[in-house]
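# Observations on chain architecture
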Amino acid sequence: MTSTDLKKGSAELLILSLLEREPRHGYELGRLIESRSRGALRFNVASLYPLLYRLEKRGWIQGRWVEKAGQRRRRYYRLTSEGKSVLRARRRSWSEFVEAVRRIVGAEYA
Amino acid sequence: MPDWKPEIRSRLADLDLDPVRSEEIVLELAQHLDDRYGELLGHGASEADARRVVLEELATGDVLRDELRRLERPADPAPPVLGKPVAGGWLNGLWGDVRFGLRSLRRSPGLTVVALLTLSLGIGANAAIFSVVNAVLLRPLPFREPGRLVAFWGSAPEMGIPVVNYPDALYVYFRTRSRVLDPLAAYSSYSVTLTGAGDPERLNTGTVTADFFRLLGATPQDGRTFLPEEEARDRNQVTVVSHGLWQRRFGGDPRIVGKALTLDGKPFTVVGIMRPGFDFPNRAELWIPLGTDPQSLGCWCFATTGRLAPGRNPQDAAREIARLSDDFWREREGKPRSDPDSTDAPKNLVFAEPLLRQLVGEVRTPLLVLLGAVAIVLLIACANIANLLLARATARGREVAVRCCLGAGPWRIVRQLLVESLILALAGAALGLALAYGSVQVLSGLVVERLPHLHELALDPAVLLFTLGVTLVTLMLFGLAPALRGARVDLQDAVKEGTRTTRGGRSRRLNDAFVVAQLALSLVLLVGAGLLLRSFQNLMTVDLGFRPENVLVGRVSLPYEANQEPAKGRAFYGQLLERVRGLPGVRTAGLTSNAPFSVGGNGQIFMIKGREPAPGQPNLVAAIRTVTPGYFAAVGTPLLRGRVIDETDTATGPQVAVVDETLARRFWPDANAVGAQVRLGDASSTNPWLTIVGVVASVKHGDVAEEALRYVYLPLSQGSAWSMDVVLRASSDPAALTGAMRREVQALDPTLPVYEVHTLEQAVARSLGTQRLTNRLLLAFAVTALLLAAVGIYGVMALGVSHRVNEFGIRLALGATPARVLGLVLGQGMRLVLLGLALGLAGAAGLTRFLGSLLFHVEPLDPVTFGAVALLLVAVACGACYLPARRATATDPLRALRYE
């Protein structure tokens with residue numbers, strides 16, 4: 001797995017995770033990733049939306065125009081059932097990966 | 001809040017997205033940018049800074065566009081896999097081919113633009129020249145059954161008269177006896193002065209026999225045409241007016257029929273108004289009956305034309321007229337003028353050909369030559385485009401191979417490639433027609449006005465049809481070979497990863513063949529243009545026998561009765577001469593019955609004292625000009641021996657004549673003609689003998705290229721004239737004297753118009769007009785052809801070099817010097833050039849004889865022209881080969897080898 005693949009894979013994981021609880025729109029997703037990573041991860045408009053469209057195309061998420069009171073029409077993305085199972089699988093392999101890294105890295109400094 | 005949408009749209013523009021999807025993305029991204037902008041402002045950024053940051057984020061490394069390109073399907077599906085069954089039949093698949101063709105042409109804009117320009121030039125030139133050919137040569141004359149109208153005339157080459165019209169006696173004889181031609185009409189055109197209603201005006205007039213209108217199917221819109229009895233000389237005071245004149249001069253008043261007009265001072269009763277559009281001969285505005293006298297041989301000046309009886313052809317007519325002509329002379333003189341069994345007797349030759357052909361005689365050959373030239377240009381253009389497409393077909397080998405692997409049959413591939421060519425051809429034709437439309441406007445302004453119907457020059461359906469035909473032929477020529485070649489790829493080779501596109505021997509040979517053909521064709525065209533240019537050069541240096549600079553000519557005609565009273569005419573012209581001589585700005589002035597390069601002037605029989613022809617021998621013929629003192633100085637014809645006609649030659653003095661050098665040298669090659677005596681008329685004539693007092697230089701009379709006629713000049717004081725050209729030599733701009741000349745004439749007689757006013761230079765230039773235009777056009781076509789051929793050979797050599805780049809690298813790496821590589825490439829190019837040269841020279845040698853009648857003092861196989869053109873072509877081709885050859889020597893061996 002190259003670093004690009006890793007980054008791409010992790011970005012997908014981030015989006016899927018953030019959509020697990022509730023539908024969100026693109027801007028909100030970008031803000032959440034930035035704030036929860038304390039600024040370490042940032043997406044701008046040019047990188048975020050192609051990612052969303054790709055996930056949507058794969059059928060993992062689904063975008064829908066929603067009009068909420070007092071707000072303008074926005075496109076909200078929600079996790080599909082296929083997306084949910086992908087998220088589960090990704091989480092598992094991610095945990096395994098992190099655990100493996102921790103064991104190696106942690107062992108060195110243990 | 002800034003509007004981000006235009007910015008976003010521009011970034012998505014070339015992605016070819018489905019429009020609905022595209023707008024959705026734009027909306028979503030714009031909202032995101034709004035939020036981001038607001039956020040930045042909230043953090044204290046200025047509006048300008050916020051805007052800049054937002055746009056920078058949008059633009060980041062073109063990520064958006066690249067990612068979206070990968071993700072989003074373009075509006076059109078990927079190219080249909082050729083060969084798979086298409087729902088909706090072949091037409092549906094064709095539409096797919098068209099769209100695919102358009103896209104693939106758009107992908108190589110350079111090639112498309114070059115091909116379109118080349119094609120539009122080629123097709124446009126063809127359409128333009130064809131529109132002239134169509135209007136002048138092909139479109140039938142606007143007469144009844146024009147295909148059966150035949151013009152005929154005699155010829156007496158042994159008398160130096162290539163074309164001779166007939167006198168009324170012969171016409172009447174023919175008319176009453178011909179079985180091949182019925183009806184048969186005679187006509188001639190001149191001009192008359194209309195006075196009475198408004199200013200005096202000179203009008204083009206046809207004198208025509210009664211059958212003339214019936215022959216041509218010209219029916220009057222009101223009244224009638226002429227009755228047979230109105231051909232009698234005392235009954236012919238009637239006239240038919242043209243529709244144009246009726247409208248213009250008489251305000252369309254129908255009561256004009258039955259009224260009298262004053263023509264040349266005599267009353268003529270209007271009997272009819274012609275239908276609109278009929279103005280034959282020579283844009284006539286009036287017609288009056290031709291008085292025919294069955295005995296008169298006075299004026300050999302009537303054009304004759306007739307309608308062929310069913311099943312007969314022009315040759316039948318010529319044979320019959322020749323036989324009738326013999327019968328006529330046998331009845332009249334007891335012997336025929338032509339004797340088919342005798343070789344020394346003069347022959348009455350008769351020629352007959354379709355009327356249309358006779359009317360357009362002088363422009364027929366130049367037009368056909370030009371049509372041939374544009375066809376050659378188009379062929380060369382086709383070869384160029386074929387080469388371009390061939391190169392592209394080779395470069396697209398892998399694309400084609402993939403399609404073949406996916407199941408496309410060769411026919412589908414050929415069709416796809418042909419459709420691309422079709423798109424090119426049709427677009428080229430559309431551009432070409434636009435070009436032709438422009439050129440036709442220019443052409444109709446430039447081409448001499450004597451052509452019948454040239455005012456109707458237009459891009460009519462025939463031209464459009466022709467253009468369509470040319471386009472399709474063009475398409476076949478440039479599209480077929482590359483398409484067939486393109487469909488034949490080596491699948492294994494082409495699909496293999498890393499194999500560079502191959503260029504097989506067959507494809508190269510095809511390229512080479514096109515180049516050879518181009519070179520050969522452009523050589524043919526260049527030789528043609530070269531020969532015509534040399535002819536023109538010769539024409540320009542011909543000694544005209546007069547100096548046309550600063551000379552103004554204007555014609556003044558007295559009413560016809562002046563003929564009956566020669567003294568009155570002489571007095572009038574004498575006064576006129578005195579008056580114009582005194583005009584400021586006039587250096588010298590003189591009058592002549594016909595100035596050089598003006599219409600008219602007939603040959604007459606004359607005899608030399610002591611050399612009267614024996615019975616059966618041909619009579620001598622010379623052109624007769626009546627002149628006043630001062631004429632030779634005014635026109636600039638130099639005196640060679642003796643003296644010119646001057647004031648001492650009075651009506652009562654000795655009868656004198658001046659002859660020209662051609663006549664003098666013909667009859668007195670070793671002796672002085674001055675002092676010899678001549679007489680007008682044949683053996684039976686009672687005219688007085690005239691003593692030759694001077695010899696002047698020979699003068700070209702109507703055409704620079706003509707053989708000079710023999711001239712006899714007579715003093716006006718001893719003869720008569722009722723129509724003279726006033727010739728003024730000015731000290732500066734002659735045209736400025738026009739008004740003064742008119743004023744002097746009006747002062748003598750306010751009813752006389754001055755007409756056909758022109759400078760001699762204009763007249764000479766006009767006589768060269770057709771040649772000048774032909775030359776310019778042909779030269780332009782030849783240069784175009786040369787450029788196209790140069791581009792063609794350059795392209796092929798460059799392609800060859802780029803495909804052999806590693807070969808050259810290896811050669812250079814193995815120690816070949818750049819000079820050797822240069823020689824190798826140049827040598828290969830030169831082989832093509834020499835082959836093209838050989839074929840072109842052979843072709844030119846075969847074709848230039850068609851130029852024969854257009855050449856002047858240049859042989860069709862003129863070695864100078866052939867040599868110079870061959871050198872030019874070699875030089876240009878060398879240049880075109882040299883550039884790629886230089887590139888070959890600059891190959892970096894390492895770089896070239898790295899590809900291996």
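Residues numbered from 1 in each chain as written. Chains lettered and ligands numbered in written order. Predicted model: local features only at pLDDT ≥ 70, side-chain atom pairs only at ≥ 80, totals over all residues.

### So, the overall build of chain B
The helix and strand tally for chain B stands at 27 helices and 22 strands. A total of 900 residues make up chain B; the buried ones form 43% of that total. The long-range fraction of contacts in chain B, counting pairs at least 24 apart against all pairs at least 6 apart in sequence, stands at 82%. (Helix = DSSP H or I, 4+ residues; strand = E, 2+ residues; numbered from the N terminus. Buried ≥ 20, exposed ≤ 12 C-beta atoms within 10 Å, placed from the backbone. Contact = placed C-beta atoms within 7 Å.)

### Some words on the overall build of chain A
The helix and strand tally for chain A stands at four helices and three strands. Looking at chain A residue by residue over its 110 residues, the buried ones come to 24%.

### Focus: the interface of chain B and chain A
In many analyses, interface size is given as the accessible surface area lost on bringing the parts together. At the interface, 15 residues of chain B touch 13 residues of chain A. Where the side of chain B that touches chain A is concerned, the elements lending two or more residues are α2 (19-42), α3 (47-59) and α4 (63-71) of chain B. A per-element tally of the side of chain B that touches chain A places α2(B) first, with seven residues.

### Regarding the packing of α2(B) against α3(B)
Residues and elements named next belong to chain B. The geometry of α2 relative to α3 is characterised by a closest axis approach of 9 Å and an angle of 140° between their N-to-C directions. Classified by the angle between their axes, α2 and α3 sit oblique to one another. The handedness of the crossing between α2 and α3 comes out as right-handed. Of the residues in α3, those touching α2 at L33, R36, Y37, L40 and L41 are E47, A50, R51, V53, V54 and L58. Looking at the contact of α2 with α3, its residues break down into eight nonpolar, no polar and three charged. (Axes fitted to C-alpha atoms, helices over the stretch in contact; angles between N-to-C directions. Parallel < 35°, antiparallel > 145°, perpendicular 65-115°, else oblique. Left-handed = near helix turned anticlockwise from the far one by under 90°. Nonpolar A, V, L, I, M, F, W, Y, C, P; charged D, E, K, R; others polar.)

### Remarks on the environment of A664(B)
Residues and elements named next belong to chain B. Its place among the elements puts A664 in helix α20 (residues 661-667). C-alpha separation for the pair A664 and V674, spaced 10 residues apart in sequence, amounts to 8.8 Å. The residues contacting A664, other than those within four sequence positions of it, are V659, A673 and V695.

### A few points about the sheet that holds strand β3 (residues 74-79) of chain A
Residue and element names in this part refer to chain A. Here we have three strands laid out as an open sheet, ordered β1-β3-β2, and antiparallel in their pairing. Looking at the sheet topology across the chains shown, the edges are occupied by β1 (24-25) and β2 (61-66). Two strands pair when backbone bridges link them, and β1 and β3 are joined in this way by two bridges, in the antiparallel orientation. Opposite R24, over in β3, you have Y77 as the bridge partner. (Pairing = 2+ DSSP bridges.)

### A look at the packing of helix α3 (residues 45-58) of chain A against α4(B)
Closest axis-to-axis distance for the α3(A)/α4(B) pair is 8 Å, and the angle between their directions is 10°. Relative to α4(B), the element α3(A) lies roughly parallel. Facing A46(A), S47(A), P50(A), Y53(A), R54(A) and K57(A) of α3(A), the residues of α4(B) in contact are V63(B), L64(B), E67(B), L68(B) and L71(B). Residues that form the contact of α3(A) with α4(B) fall into these classes: seven nonpolar, one polar and three charged.

### Regarding helix α10 (residues 314-333) of chain B
If you check α10(B), its first and last C-alpha atoms are 28 Å apart, about what 20 residues at 1.5 Å a residue would give, namely 28 Å. Turning to α10(B), its buried residues number three or more, namely P314(B), A317(B), A318(B), E320(B), I321(B), A322(B), S325(B) and F328(B). (Expected span 1.5 Å × (residues − 1).)

### Observations concerning the pairing of strand β17 (residues 656-660) of chain B
Residues and elements named next belong to chain B. Here β17 lies mainly inside the structure; five of its five residues are buried. Note that β17 and strand β19 (residues 690-696) share five bridges and pair parallel. Bridge assignment links V659 to a residue of β19, and that residue is V695. Sheet topology note: the β17/strand β20 (residues 711-715) ladder contains two bridges and is antiparallel. Note that in β20 the partner of V659 across the bridge is V712.

### Side note on unusual backbone geometry
Residue and element names in this part refer to chain B. Cis rather than trans, the peptide bond between D182 and P183 has omega equal to -5°. Examined against the element boundaries, P183 turns out to sit in strand β3 (residues 181-195). Between F280 and the following residue, P281, the backbone shows a cis peptide bond with an omega angle of -5°. The residue P281 is located in the loop between β8 (266-274) and β9 (286-289) in this model.

### Focus on the environment of F328(B)
With respect to the secondary-structure elements, F328(B) resides in helix α10. The sequence separation of F328(B) and A169(B) amounts to 159 residues, and the corresponding C-alpha distance is 9.2 Å.

### Things to note about helix α13 (residues 397-405) of chain B
All names here are of chain B. For α13, the set of buried residues is G397, V400, A401, R403 and C404. Buried residues of α13, seen end-on, are gathered within an arc of 160° and therefore sit on one face of the element. G407, located one to two residues past α13, shows a positive phi value of around 110°. (Arc of directions from axis to C-beta.)

### Examining the nonpolar core
Residue and element names in this part refer to chain B. Within the largest apolar cluster, 106 residues are counted, with the highest numbers of intra-cluster contacts made by L519, A785 and I793. For this core, the element with the highest residue contribution is helix α12 (residues 361-395), accounting for 21 residues. Excluding its chain neighbours within four sequence positions, the residues that come into contact with L519 are A789, I793, V833, G836, L837, G840, L873 and A877. Within the second largest apolar cluster, 63 residues are counted, among which are F546, L558, A589 and M741. (Core = buried A, V, L, I, M, F, W, Y, C linked by C-beta atoms within 7 Å.)

### Brief notes about the confidence of the model for chain B
All names here are of chain B. With 88% of its residues at a pLDDT of 70 or more, chain B has an overall mean of 81. Contacts of residues 339-346 to residues separated by more than four positions or lying in other chains number eight contacts, the stretch itself having pLDDT below 50. Between residues 497-502, whose pLDDT stays under 50, and residues either more than four places distant or in other chains, the model counts seven contacts. Quick note on the complex model: pTM equals 0.62, ipTM equals 0.88. (pLDDT = per-residue confidence, 0-100.)

### Side note on the environment of A430(B)
On the secondary structure map, A430(B) appears in helix α14 (residues 410-446). Along the primary structure A430(B) and L119(B) are separated by 311 residues, whereas in three dimensions their C-alpha atoms are 9.9 Å apart.

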